[in-house]
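# Summary of the model geometry
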Amino acid sequence: MNTILYDVIIIGGGPAGYTAALYCGRAAMKTLLLEKYVPGGQMVTTEHIDNYPGFPEGVDGVTLAMNMQKQAERFQIEHKTEEIVSVKIEGLVKEVTVANGTTYTSRAIIVATGASPRELGLEEERALRGKGVSYCATCDGAFFRNKTVVVIGGGDTAAADAVFLSKLCKRVYIIHRRNILRAAAIYYDVLKQAENVTFVWDSTVEEILHEQTVSGVKVKNKNTGEVTTIECQGIFVAVGNVPNTDLLKGQLELDGNGYVVADESTKSSQLGVFVAGDVRTKPLRQVVTAVADGAVAAYMAEEYIQLQLTDSE
Ligand code: NAP
């Protein structure tokens, strides 16, 4: 057991987590931010962010993440890279235990665990991860320079991935289950004009073809039932996200899709636990809405702690 009682433990180091840390630090709350890998969350898998205000030419996700971390750390927050194995959120003192057995305690918790890419659920999809199947174009795109790849999905991630890959790859097929993208129109305009991008509408991937590595996909047209083969060396899966709530199951109210139920106040079903960013129920999941949540969660945590301290006097 670590003997320090923190005011706030922030779980997750994406834009919501680091903004919460910035606000907690500025409010002079004793703050610990725990993250599993590197700062930035899903932001670091985004090559170019064009819709975060303040950057007239856009900004790359890694730079934005590093800047958010540096900015928060100016205000004496502690940051540790740890895998959390369990969380106890009931009662006035919350407990967070990490893989090496250390337990950290705090008065309040801000959950900013974000979301992870959803899998297609195809046979051998997991086994071929790193052997042609990827969930991150900016991380893995360079391995497919001058090769043929497919991008599966029709949202902003799929469209942004396809734009990025079209600059590197010989050909990019976008396979989408409908005949219209969900993504912002700006992406469609760019992709339509790219000579090496082909849309495969109303279609789903039925099978991944492979030897040691990916060699193609079998694609079924939903309208005609026809199954065709597209030869490719890479498959970029971009079919949405699943919230990272495993640690919290059974302890916080979740909606039908597994997101933690919390409104704009970021208050969860548990007193003293606030939820910020993509892991929360909300209509728009973007960096800009995640940072807004982080600020609100810190503010709410401060108010909650003040009330607790006043009540105990
Ligand atoms: P998303 O918006 O949920 O889109 C997922 C896409 O995958 C949809 O087109 C969906 O089809 C399709 N899909 C879902 N399940 C599928 C399945 N089992 N098989 C085949 N296709 C499937 O997810 P996202 O694109 O990852 O975006 C997540 C959030 O991040 C969004 O809020 C998005 O705006 C944001 N984001 C923003 C940017 C940006 O603004 N630059 C970049 C990346 C992400 P349907 O369309 O038919 O539902």
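Given the structure is predicted, the values throughout are model-derived calculations rather than measurements.

Definitions and cut-offs
- Residues numbered from 1 in each chain as written.
- Predicted model: local features only at pLDDT ≥ 70, side-chain atom pairs only at ≥ 80, totals over all residues.
- Heavy atoms only, no water.
- Near = heavy atom within 4 Å.
- Polar contact = N/O pair within 3.5 Å; in protein donor to acceptor, adjacent residues only side chain to side chain.
- Areas by Shrake-Rupley, 256 points an atom, 1.4 Å probe, with all protein chains shown as cover.
- Nonpolar A, V, L, I, M, F, W, Y, C, P; charged D, E, K, R; others polar.
- Pairing = 2+ DSSP bridges.
- Helix = DSSP H or I, 4+ residues; strand = E, 2+ residues; numbered from the N terminus.
- Salt bridge = Lys/Arg side-chain N within 4 Å of Asp/Glu carboxyl O.
- Buried < 20%, exposed > 50% of the residue type's maximum accessible area, 1.4 Å probe, protein only.
- Phe/Tyr/Trp six-rings, centres within 6.5 Å; stacked < 30°, edge-to-face > 60°.
- Lys NZ or Arg CZ within 6 Å of the ring centre and 35° of its normal.
- Expected span 1.5 Å × (residues − 1).
- Arc of directions from axis to C-beta.
- Contact = heavy atoms within 4.5 Å.
- Right-handed = clockwise from strand over helix to strand, strands pointing away.
- Axes fitted to C-alpha atoms, helices over the stretch in contact; angles between N-to-C directions.
- Patch = residues over 30% accessible without salt bridge, like charges linked within 9 Å, V, L, I, M, F, W, Y side chains within 5 Å.
- Lys, Arg positive; Asp, Glu negative; His and termini not counted.
- Charge placed at Lys NZ, Arg CZ, Asp CG, Glu CD.
- 1 Å grid on protein atoms, 1.4 Å probe; cavity = no way out; pocket = protein on both sides within 12 Å on 5 of 7 lines; lining within 4 Å.
- Points joined across faces, edges and corners; volume = space filled by probe spheres on them.

Turning next to the site of the ligand. Inspection of the region around the ligand gives 18 residues, with N51, D156, T157, R178 and R182 positioned closest. R177 places a side-chain nitrogen or oxygen 3.0 Å from an oxygen atom of the ligand. Burial of the ligand by the protein chains amounts to 77% of its free accessible area of 900 Å². Residue classes in the shell around the ligand are distributed as 4 nonpolar, 9 polar and 5 charged.

Further remarks concern the pairing of strand β12 (residues 203-210). The pairing of β12 with strand β13 (residues 214-221) spans 7 bridges and is antiparallel. Within the sheet, the bridge partner assigned to V205 lies in β13 and is V219. Following β12, the chain reverses through 3 residues before pairing antiparallel with β13.

What follows concerns the pattern of salt bridges. Counted according to the given criterion, the structure contains 9 salt bridges. A salt bridge links D246 to K249; the shortest N-O distance between them is 3.0 Å. By relative accessible area, D246 is classed as exposed at 63%. The partner of E264 in a salt bridge is R280, with the nearest N and O atoms 3.1 Å apart. Here the residue E264 occupies a position in the loop between β16 (241-243) and β17 (273-275), and R280 occupies one in the loop between β17 and α6 (287-311), the gap between them amounting to 16 residues. Looking at E264, the relative accessible area reads 55%, which means it is exposed. Each member of the salt-bridge network shares a partner with another, and the members are E264, R280, K282 and D293.

All right, on to the environment of Q71 then. Tracing the sequence through the fold places Q71 in helix α2 (residues 61-73). Residue classification places Q71 among the partly exposed residues on the basis of a relative accessible area of 39%. Distance from Q71 to T19, taken between C-alpha atoms, is 9.0 Å for residues 52 residues apart in sequence.

Applying the stated criterion to the full structure yields 6 aromatic pairs. When the ring centre of Y259 is taken as reference, the NZ or CZ atom of R285 above it lies at 3.7 Å.

With 13 residues, α2 extends 18 Å from end C-alpha to end C-alpha; this agrees with the ideal 18 Å at 1.5 Å per step. What α2 keeps buried is the set G61, L64, A65, M68, Q69 and A72. Down the axis of α2, the smallest arc covering the buried residues is 135°, so these residues share one side. Buried residues along α2 sit against α1 (15-26), β2 (31-35), β3 (78-81) and α6. At the N-terminal boundary of α2, the capping side chain belongs to D60, with an oxygen 3.2 Å from the backbone nitrogen of V62.

Moving on, we come to the pairing of strand β10 (residues 171-175). In this sheet, β10 lies alongside strand β9 (residues 148-152) in parallel orientation, the contact comprising 5 bridges. Among the inter-strand pairings, V149 is bridged to a residue of β10, identified as V172. Between the parallel elements β9 and β10, the chain passes through helix α4 (residues 156-166) in a crossover that is right-handed. Bridging between β10 and strand β11 (residues 197-200) involves 4 bridges; their strand directions are parallel.

Judged by pairing direction, the sheet is parallel, and its 5 strands sit side by side in the order β8-β15-β9-β10-β11 without closing on themselves. Each having just a single partner strand, β8 (133-134) and β11 make up the two edges of the open sheet. Contacts from α4 reach β9, β10, β11 and β15 (234-237), with the element oriented near 165° to β9.

This part covers a positive patch on the surface. Side chains of R118, R177, R178, R182 and K222 sit close together on the surface and give a patch of like positive charge. On the secondary structure map, R118 appears in the loop between β7 (115-117) and β8. Classification of R118 by relative accessible area gives partly exposed; the value is 37%.

Before going further, it helps to spend a moment on unusual backbone geometry. Within the chain, A28 stands out as a residue other than glycine whose phi angle is a positive 60°. Inspection of the secondary structure assignment puts A28 in the loop between α1 and β2. For A28, a relative accessible area of 66% gives the class exposed. Phi is positive for E124, which is not a glycine, with a value near 70°. A relative accessible area of 37% places E124 in the partly exposed class.

Right, let's get into the layout of surface pockets. Taken as a whole, the second largest pocket spans an internal volume of roughly 150 Å³. For the second largest pocket, the full set of lining residues is K267, S268, Q270, L271, G272, V273, F274, M300, E303, Y304, L307 and Q308. Of all the secondary-structure elements, those providing two or more residues to the lining of the second largest pocket are β17 and α6. For the lining of the second largest pocket, the element with the highest residue contribution is α6, accounting for 5 residues. In terms of residue class, the lining of the second largest pocket is built from 6 nonpolar, 4 polar and 2 charged.

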